[in-house]
Amino acid sequence: MSLICFQNARLIDPQAGTEDPGSLLVRDGVIIAHNPSTVPNGAQTVDCEGKCLAPGIVDIGVKIGEPGERHKESFKTAGYAAAAGGVTTMVTRADTTPPVDTPEVLDFVKRRAQEVSLVRIAPMAALTKGREGREMTEFGFLRDAGAVAFSDGDRVVQDPKVLARALTYAKGLDALVFGHVQDPGLSKGAAVTSGKFATLRGLPGVSPIAERMGLERDLALIEMTGARYHVDQISSASSLPALERARASGLDVTAGVSIHHLTLNEFDVGDYRTFFKVKPPLRSEDDRLSMVEAVTSGLIDIICSMHTPQDEESKRLPFEEAASGAVGLETLLPAAMRLVHSDGITLANLWRALSLNPAKRLGLPGGTLAEGSPADLVLFDENAPFVLDRTTLNSKSKNTPFDGARMQGRVRGTWVAGRRVFPFAD
Amino acid sequence: MTFRANHLLGIETLGPDEIVTLLDLAESYVDLNRAGNKHAEVLGGMTQVNMFFEASTRTQASFEIAGKRLGADVMNMAMAASSIKKGETLIDTAMTLNAMHPDLLVVRHPHSGAVDLLSQKVNCAVLNAGDGRHEHPTQALLDALTIRRSKGRLHRLNIAICGDIAHSRVARSNILLLGKLENRVRLVGPTTLMPSGVADLGVEVYDDMRDGLAGCDVVMMLRLQKERMDGGFIPSEREYYHRYGLDTEKLAHAKEDAIVMHPGPMNRGVEIDGLLADDINRSVIQDQVEMGVAVRMAAMDLLAQNLRASREAA
């Protein structure tokens with residue numbers, strides 16, 4: 001039996017909505033008591049020095065290069081990055097090479113994850129075979145093998161009939177389906193959001209309306225099929241009314257937003273900086289503010305890092321040719337602190353979106369400090385300032401838009417099931 | 001004389017004083033180019049490499065003549081046919097070339113920002129000869145010199161840029177340059193060929209030619225860039241000519257002494273009437289070509305001076 005007592009902490013409890021000073025007692029990897037009157041004999045103590053102790057982050061949509069692109073990221077390096085970033089569960093994407101579209105590939109992913117990752121992994125599986133948008137994958141087998149949701153990543157199932165059937169079948173299994181909302185025709189060839197910036201830089205742009213069109217189509221099919229649905233990323237204010245209507249009419253729909261769309265805008269691309277090329281493209285400052293407001297109000301449920309490792313070769317290209325995506329596991333927490341420091345979100349509110357909501361939506365343990373929950377915890381100093389140096393990242397790929405940025409908020413320790421995974425053991 | 005830039009990547013980063021410096025120097029090269037002996041030695045001992053990743057006849061020839069008249073050793077690399085086809089990246093190509101110690105690199109590339117990227121990796125002066133839909137600074141400078149010589153000034157003029165604005169790097173560089181020197185710029189064309197957010201650039205936007213040309217001092221036509229379009233921007237070329245092609249009837253709405261410009265190559269009968277293009281009383285299209293050589297000589301001269309100064313300092 002192992003006992004740990006976290007003392008002198010500021011407990012961030014998203015479920016209770018509180019940020020109170022207190023202590024936490026953990027036995028065999030499970031939270032068993034808040035503010036115990038005495039520390040039991042033999043318990044290891046952790047002095048939190050008044051810093052914040054919160055449930056570990058549950059990050060939905062992490063891309064790991066296994067199988068297929070291990071030179072960009074492996075389960076091992078992603079595990080280190082996650083631990084250093086306070087992420088205790090990575091929900092991994094299926095857009096690997098080959099994609100996770102059979103139970104056999106899923107088994108490989110789970111085995112590799114178990115062998116080398118410091119943090120928990122919950123894999124997603126592809127929605128259609130080969131992510132080609134033609135035939136649904138074996139939802140039943142894949143679910144039984146541990147797939148927590150079904151997603152074709154950034155590919156849109158273009159044929160509404162194929163998607164309708166997949167949603168109907170998923171409904172029968174009560175499986176969660178992810179959508180990437182972007183009208184493929186309108187967004188074809190685009191590298192940035194259309195507008196003054198795109199025009200000045202001479203880059204092909206797409207209107208944010210393409211996102212709303214994709215969302216409206218998917219929501220119509222959800223209304224028809226009644227399936228459980230999550231939008232991986234909303235980035236534009238023009239999408240919010242549709243989301244609001246879907247909620248009001250009782251559809252089982254949730255939505256996410258990436259940390260980059262909450263903290264950066266289109267002008268950050270500057271002189272063709274390809275580390276700022278993400279999918280969907282960065283939006284206007286008005287859109288960014290709308291996203292922050294939607295997270296605050298709860299209309300957007302989940303914040304994710306959309307961790308997408310790309311090697312130098314994929315990024316050192318003219319902007320239009322460069323690959324999309326940014327790493328985010330290690331910068332998610334400090335970047336999210338900008339929302340606390342500059343945009344007025346409370347820590348408890350923020351942790352609903354980073355931890356509680358994603359865990360609940362995917363039926364995963366964690367996301368709360370309630371007694372009986374696993375001791376997946378992150379200890380952080382929300383004020384500690386630093387300048388990010390991308391070469392210090394644990395990810396194999398260093399493509400972060402925050403290189404050289406002044407940030408505030410550092411992870412001091414991460415525990416998974418009561419086991420300390422950060423700072424790393426030597 | 002002020003010219004601070006180490007590269008000529010675009011008009012956006014140039015100050016009005018730098019633009020005027022360059023145009024003033026170009027005037028002297030116009031004279032040189034009209035003289036019997038067209039040789040100067042300001043680029044003597046320097047190597048100029050023209051890398052055109054996109055086909056070009058007139059711009060490449062203009063840069064080549066400009067370099068040769070200033071005494072540089074000029075080499076043309078036809079990039080469309082070379083190592084790019086073998087999969088070499090732009091940066092590797094730049095590094096390879098850099099190892100051969102060129103002094104002036106003239107680059108055209110089909111992607112916006114590519115010349116900027118390349119300039120970060122080499123130790124010589126880089127001149128943007130057109131990148132994607134982004135900028136074409138020497139074109140804007142030669143247009144400015146043409147206007148200044150024809151109108152006697154380069155401020156407080158009404159200038160209409162007409163046609164395919166969306167796909168045009170010439171339009172972007174001209175909007176920036178003419179704006180910096182305090183002219184009124186109008187953009188005229190079908191709304192499908194107007195880039196998004198263009199009204200925020202300090203210009204007036206028209207979709208009717210006659211309204212747009214009313215009272216203009218300069219009418220600048222653009223080529224309809226069929227090769228950059230993925231279809232469906234205009235219903236047909238004949239409708240485009242009917243509504244936006246420049247002919248004497250539409251030109252009559254501009255000022256009586258308005259000049260007609262075109263960066264070339266022209267699609268006669270699509271964006272401009274052939275006879276009007278050849279009308280020496282209205283069209284300054286041949287002057288533009290002449291000014292092109294002078295402006296490029298001035299640009300390379302100034303960049304070479306700054307390059308020499310920075311090498312001596314180092």
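Our structure's up above, just so we're on the same page.
For clarity, every value in this text was computed on a predicted model and none was experimentally measured.

Asker: What am I meant to see in the overall build of chain B here?
Answerer: A tally of helices and strands in chain B yields 11 helices and nine strands. Relative to the compact-globule value of 20 Å for 314 residues, chain B shows a C-alpha radius of gyration of 19 Å, a close match. Principal-axis analysis of the C-alpha atoms gives chain B an extent of 55 × 45 × 35 Å. For chain B, buried positions account for 59% of its 314 residues. Approximately 12,700 Å² of chain B is accessible, and the part contributed by carbon and sulfur atoms is 50%. Charge separation in chain B, taken as the distance between the mean sites of 34 positive and 41 negative side-chain charges, equals 2 Å.

Asker: I tried to follow the environment of His109 of chain B on my own but got confused; where do I start?
Answerer: Turning to its location among the elements, His109 of chain B is positioned in strand S3 (residues 104-109). Separated by 98 residues in sequence, His109 of chain B and Ile11 of chain B have C-alpha atoms that sit 17 Å apart. With near-sequence residues (within four places) excluded, His109 of chain B lies in contact with Pro318 of chain A together with Phe53, Glu54, Leu90, Ala114, Val115, Gly130, Asp131, Gly132 and Arg169 of chain B.

Asker: Is there a simple way to think about the side chain of Ser235 of chain A in this case?
Answerer: Residue and element names in this part refer to chain A. In this structure, Ser235 sits in the loop between strand S12 (228-231) and helix H8 (240-248). Accessibility expressed as a relative area gives 1% for Ser235, which makes it buried. Among the polar contacts listed, one links the side chain of Ser235 to the side chain of Glu211, at a separation of 2.5 Å. Polar side-chain contacts of Ser235 include one of 2.9 Å to the side chain of Arg283. Every residue in contact with Ser235, bar those within four places of it in the chain, is listed here: Glu211, His261, Pro280, Arg283, Asp287 and Met291.

Asker: I keep staring at helix H1 (residues 16-34) of chain B and nothing clicks. Help me out?
Answerer: In an α-helix, one turn spans 3.6 residues; hence positions three or four apart end up facing the same way. Residue and element names in this part refer to chain B. Its 19 residues give H1 an end-to-end C-alpha distance of 27 Å, which sits within 8% of 27 Å, the value for a rise of 1.5 Å per residue. For H1, the set of buried residues is Glu18, Ile19, Thr21, Leu22, Leu23, Leu25, Ala26, Tyr29, Val30, Leu32 and Asn33. For H1, the elements touching its buried residues are helix H2 (58-69), helix H5 (137-151), helix H6 (169-180) and helix H11 (285-313).

Asker: What am I meant to see in the pairing of S3 of chain B here?
Answerer: Within a regular beta strand, the side chains point alternately toward one face of the sheet and then the other, so they alternate between its two faces. Residues and elements named next belong to chain B. Burial within S3 is extensive, with six of its six residues counted as buried. Neither face of S3 is exposed, since Leu104, Val106 and Arg108 on one face and Leu105, Val107 and His109 on the opposite face are all buried. Looking at chain direction, S3 and strand S4 (residues 125-131) are connected through five bridges and run parallel. Pairing of Leu105 across the sheet is with Val126, part of S4. With helix H4 (residues 114-119) bridging S3 and its parallel neighbour S4, the resulting β-α-β unit is right-handed.

Asker: Any chance you could explain the pattern of salt bridges here in plain terms?
Answerer: Residues and elements named next belong to chain B. If you walk through the whole model with that rule in mind, you get 43 salt bridges over all chains. Between Lys151 and Asp257 there is a salt bridge, with its nearest N and O atoms 3.5 Å apart. Pair noted here: Lys151 is in helix H5 and Asp257 is in the loop between helix H9 (248-251) and strand S9 (259-261), with a separation of 106 residues, a long-range link. The exposure class assigned to Asp257 is partly exposed, which follows from its relative accessible area of 49%. Through salt bridges with shared partners, one network takes in Asp24, Glu27, Arg148 and Arg149.

What counts as what
Every chain is numbered independently, its residues counted from 1 as its sequence is written. Starting at A for chains and at 1 for ligands, labels are handed out in the order in which the entities are written. Local features in this predicted model are restricted to residues of pLDDT 70 or higher, and side-chain atom pairs are both shown and tallied only at a pLDDT of 80 or more, whereas totals for entire chains, interfaces and linings draw on every residue. The side-chain figures draw on all heavy atoms in the structure; neither hydrogens nor water molecules are used. Secondary structure elements follow DSSP: runs of H or I of four or more residues count as helices, runs of E of two or more count as strands, with numbering from the N terminus. Note that the radius of gyration is over C-alpha atoms, with the globule rule given as 2.2 Å times the number of residues to the power 0.38. Only protein chains enter the accessibility calculation, which uses a 1.4 Å probe; a residue whose area is less than 20% of its type maximum is buried, one above 50% is exposed, and one in between is partly exposed. Per-residue and other accessible areas follow the Shrake-Rupley method at a 1.4 Å probe size, with only the shown protein chains counted as cover for residues. When charges are counted, neither His nor the chain ends are considered; positive counts come from Lys and Arg and negative counts from Asp and Glu. Charged side chains are reduced to one point each, which is NZ for Lys, CZ for Arg, CG for Asp and CD for Glu. In this description, contact between two residues means that some pair of their heavy atoms is separated by no more than 4.5 Å. Polar contact is the term for a pair of N or O atoms within 3.5 Å; when the atoms are in protein, one must be able to donate a hydrogen and the other to accept it, and sequence-neighboring residues count only if both atoms are side-chain atoms. To estimate the expected span of a helix, count its residues, drop one, and scale the result by 1.5 Å. If DSSP finds at least two bridges between two strands, the strands pair. Here a crossover is taken to be right-handed if, once the strands point away from the viewer, the path from the first strand over the helix to the second is traced clockwise. What counts as a salt bridge is simple: a side-chain nitrogen of Lys or Arg found within 4 Å of a carboxyl oxygen of Asp or Glu.

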